[in-house]
Amino acid sequence: MYAQHEQIHIASWPSFSLYCDITAALSPEVNIALSRSYAVEGQCFVIAPCAIVSEQIIEQLCTDKTKRNLLKAGGGYARIFGPDGSELTTPLAENEEGLLLATLDPASITFAKAIADPVGHYSRPDVTSLLFNPVANRPLSIKAASFIELIDTKQIVLPGSEEVQAN
């Protein structure tokens, strides 16, 4: 998406209150860092809304203690980042619903691109390229395999070929 020169990226996140005690991969720290990194790498604004989990949702979804241990209340860590990675708003509390508002100044994109521009002056299409296929693909394609048929330990027969003597 960097090559498409996006100026505003929406990085919509689920609540960061799932599996808190099991893995850091879904933690607010990791996902906030990813959103900030995307802003800096792409020299774009990143609006990162985040869902929150209320006590009412926990009552509806968590029917036993195991489920309650996996899902906690809160988890909202919405942010807005500038193209230089700076936070443009004061974050809400993790259990607070609301709107984050920021003024986005397009000139800050120009300043960020002067530092590093992965699809501009830092781009090396003579060395690397990326093929973007916008057509939907099947998640799984099965290709017929060619099998080697072993007749005995001294002989290998390949489908459609002559017999080959094995050593």
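Since the structure is predicted, the reported quantities are computational estimates derived from the model, not experimental observations.

### A few points about the nonpolar core
- Counting eight residues, the largest nonpolar core is built from Ala11, Ile32, Tyr38, Ala39, Cys44, Val46, Ala48 and Phe81.
- With three residues, helix 1 (residues 28-42) is the single largest residue contributor to this core.
- The residues contacting Ala39, other than those within four sequence positions of it, are Cys44, Val46, Phe81, Gly82 and Pro83.
- In terms of nonpolar packing, the next biggest core, distinct from the first, is built from five residues, Cys50, Ala78, Ile80 and Leu100 among them.

### Description of the pattern of salt bridges
- Counted by the stated rule, this structure contains three salt bridges.
- Its salt-bridge partner being Glu87, residue Arg79 comes within 3.2 Å of it at the nearest N-O pair.
- Take Arg79: its relative accessible area is 12%, and that puts it in the buried class.
- Looking at Glu87, the relative accessible area reads 32%, which means it is partly exposed.
- Bridged by salt links that share partners, the residues Arg36, Arg79 and Glu87 form one connected network.

### Some thoughts on unusual backbone geometry
- At His5, a residue that is not glycine, the phi angle is positive and equals roughly 55 degrees.
- Relative to the elements of secondary structure, His5 occurs in the segment before strand 1 (8-10).
- Despite not being glycine, Gln43 has its phi angle at roughly 45 degrees, a positive value.
- Owing to a relative accessible area of 2%, Gln43 belongs among the buried residues under this scheme.

What counts as what
Residues numbered from 1 in each chain as written. Predicted model: local features only at pLDDT ≥ 70, side-chain atom pairs only at ≥ 80, totals over all residues. Heavy atoms only, no water. Core = buried A, V, L, I, M, F, W, Y, C linked by side-chain atoms within 4.5 Å. Buried < 20%, exposed > 50% of the residue type's maximum accessible area, 1.4 Å probe, protein only. Helix = DSSP H or I, 4+ residues; strand = E, 2+ residues; numbered from the N terminus. Contact = heavy atoms within 4.5 Å. Salt bridge = Lys/Arg side-chain N within 4 Å of Asp/Glu carboxyl O.

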